[in-house]
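The chain contents come next:
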Amino acid sequence: MKKFLLATVALAAFAAPALGADLGARPYYNKSAPVYAAPLYNWTGFYIGGHIGGAFAGSNNLNGLVLSDYSTRFLGGLQAGADYQFAPNWVLGVEGQYSWLGGNYINASFPGGAIYNNNQRGLGSITGRVGYTWGPGLVYVKGGYAYSDNRDTLTFLGANVPFTLDKNHSNGYTVGAGVEYMFAPNWSAKAEYMYYDFGSTRFVTPGVLAPFGSWRNDEHTLKVGVNYRFNLGGPVAARY
């Protein structure tokens, strides 16, 4: 029995170092390893969306002849565009937009019974924009080409009368500014102001209307909208 106990103790003493080696070394933690912050917002990518708002026209006159105008009208439409974020808080983009307008724009009754009507059905634009972002927020300015979808008519005693204008008042320019905010993954909301200018227009024929001078074609709009964004590169990671 003594021999058996001594053999058991000797075997345990011999196995203990080997068992300790099998347990492995303690894990090593590198305190100098880089720490990465949570991903930041990325504005780079394509987007589509919609908007609603109002259009506001100024007073118009033809050589003292006052035109009745729908100075405040509802609008609603669609937009699509693309943005590129760089440097790293700046955003460049391009956007196409179209807004349908409610109600006729201007009407004028001339001496003799002729009635002019400009039914402005919509406003379109292709603009560039530049903005500054602080993560989910973006403030921007924009400007570019503008289009007015007009249907002009001149009637006398209810019958259409041929007429000509000195220029096409469908093409012009627009400038504006706005703010946009990412409120959920791939979703952003925006509010913006845009000014549209299509220049001044006057009658050439019929000659009896030419003396009445010209009128301006411009619009002020306020819009709120929502965009769905197809981010190309995913979030922008912070660097350390």
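Reading the values: the criteria
Residues numbered from 1 in each chain as written. Predicted model: local features only at pLDDT ≥ 70, side-chain atom pairs only at ≥ 80, totals over all residues. Heavy atoms only, no water. UniProt positions renumbered as here; feature names shortened; annotations may be inferred. Helix = DSSP H or I, 4+ residues; strand = E, 2+ residues; numbered from the N terminus. Polar contact = N/O pair within 3.5 Å; in protein donor to acceptor, adjacent residues only side chain to side chain. Contact = heavy atoms within 4.5 Å. Phe/Tyr/Trp six-rings, centres within 6.5 Å; stacked < 30°, edge-to-face > 60°. Salt bridge = Lys/Arg side-chain N within 4 Å of Asp/Glu carboxyl O. Buried < 20%, exposed > 50% of the residue type's maximum accessible area, 1.4 Å probe, protein only. Pairing = 2+ DSSP bridges.

- As annotated in an unreviewed UniProt entry, the chain carries the name Outer membrane immunogenic protein and is attributed to Bradyrhizobium lablabi.
- Per UniProt, the comment on the chain under Subcellular location (unreviewed entry) is "Cell outer membrane".

**Description of the side chain of Glu-180**
Then, number 1: The topology assignment puts Glu-180 in strand S12 (residues 171-184).
Then, number 2: Side chain to side chain, Glu-180 and Arg-129 meet in a polar contact 3.2 Å long.
Then, number 3: Within the structure, Glu-180 has its side chain in polar contact with the side chain of Arg-229 (distance 3.0 Å).
Then, number 4: With residues near it in sequence (within four places) discarded, Glu-180 still touches Trp-43, Arg-129, Pro-136, Gly-137, Leu-138, Tyr-140, Ser-188, Ala-189, Lys-190, Asn-227 and Arg-229.

**A closer look at the packing of aromatic side chains**
Both the distance between ring centres and the angle between the ring planes are used here to describe each pair of aromatic rings.
Then, number 1: Evaluated as defined, the whole model comprises 14 aromatic pairs.
Then, number 2: Consider the rings of Tyr-116 and Phe-163, whose centres lie 6.4 Å apart with planes at 80 degrees: the pair is edge-to-face. Of the two residues, Tyr-116 sits in strand S8 (residues 114-133) while Phe-163 sits in the loop between strand S10 (159-160) and strand S11 (164-165), which places them 47 residues apart along the sequence.
Then, number 3: Among the aromatic residues, those joined into a cluster by ring pairs are Phe-110, Tyr-116, Phe-163, Phe-203, Phe-212 and Trp-215.

**Thoughts on the pattern of salt bridges**
Then, number 1: Taken as a whole, this structure holds 12 salt bridges when the rule is applied.
Then, number 2: For Arg-73, the salt bridge goes to Glu-219, with nearest N and O atoms at 2.7 Å. Of the two residues, Arg-73 sits in strand S5 (residues 72-86) while Glu-219 sits in strand S14 (residues 214-231), which places them 146 residues apart along the sequence. One exposure class covers both Arg-73 and Glu-219, and it is buried.
Then, number 3: As a salt-bridge pair, Lys-142 and Glu-95 come within 2.7 Å of each other at their nearest N and O atoms. With Lys-142 in strand S9 (residues 137-156) and Glu-95 in strand S6 (residues 90-101), this residue pair connects regions lying 47 residues apart in the sequence.
Then, number 4: Salt bridges sharing common partners tie together Asp-83, Arg-129, Glu-180 and Arg-229.

**Comments concerning the pairing of S8**
Then, number 1: S8 sits mainly inside the fold: 14 of its 20 residues count as buried.
Then, number 2: Of the pairings in the sheet, the one linking S6 to S8 comprises 11 bridges and is antiparallel in character. Counterpart to Val-91 in the pairing with S8 is Gly-131.
Then, number 3: Relative to S8, strand S7 (residues 106-109) runs antiparallel, the two being bridged by 4 bridges. By the bridge assignment, Ala-108 is partnered in S8 with Tyr-116.
Then, number 4: Between S7 and S8, which pair antiparallel one after the other, the connecting turn spans 4 residues, and Gly-112 there sits at a positive phi close to 105 degrees.
Then, number 5: Of the strand pairs in this sheet, S8 and S9 are connected by 19 bridges, and their pairing is antiparallel. Paired with Tyr-116 across the strands is Leu-154, a residue of S9.
Then, number 6: Where S8 folds back onto S9 in an antiparallel hairpin, the turn is made up of 3 residues, including Gly-135, whose phi is positive at roughly 90 degrees.

**Quick notes on the pairing of S5**
Within a regular strand, side chains alternate between the sheet's two faces.
Then, number 1: Pairing geometry for strand S1 (residues 45-56) and S5, over 12 bridges, is antiparallel. Directly across from Phe-46, in S5, lies its bridge partner Ala-82.
Then, number 2: As judged from the 12 bridges shared by S5 and S6, these two strands associate in the antiparallel manner. Opposite Gly-76, over in S6, you have Trp-100 as the bridge partner.
Then, number 3: In this antiparallel pair of consecutive strands, S5 and S6, the connection spans 3 residues, and Ala-87 shows a positive phi of 70 degrees.

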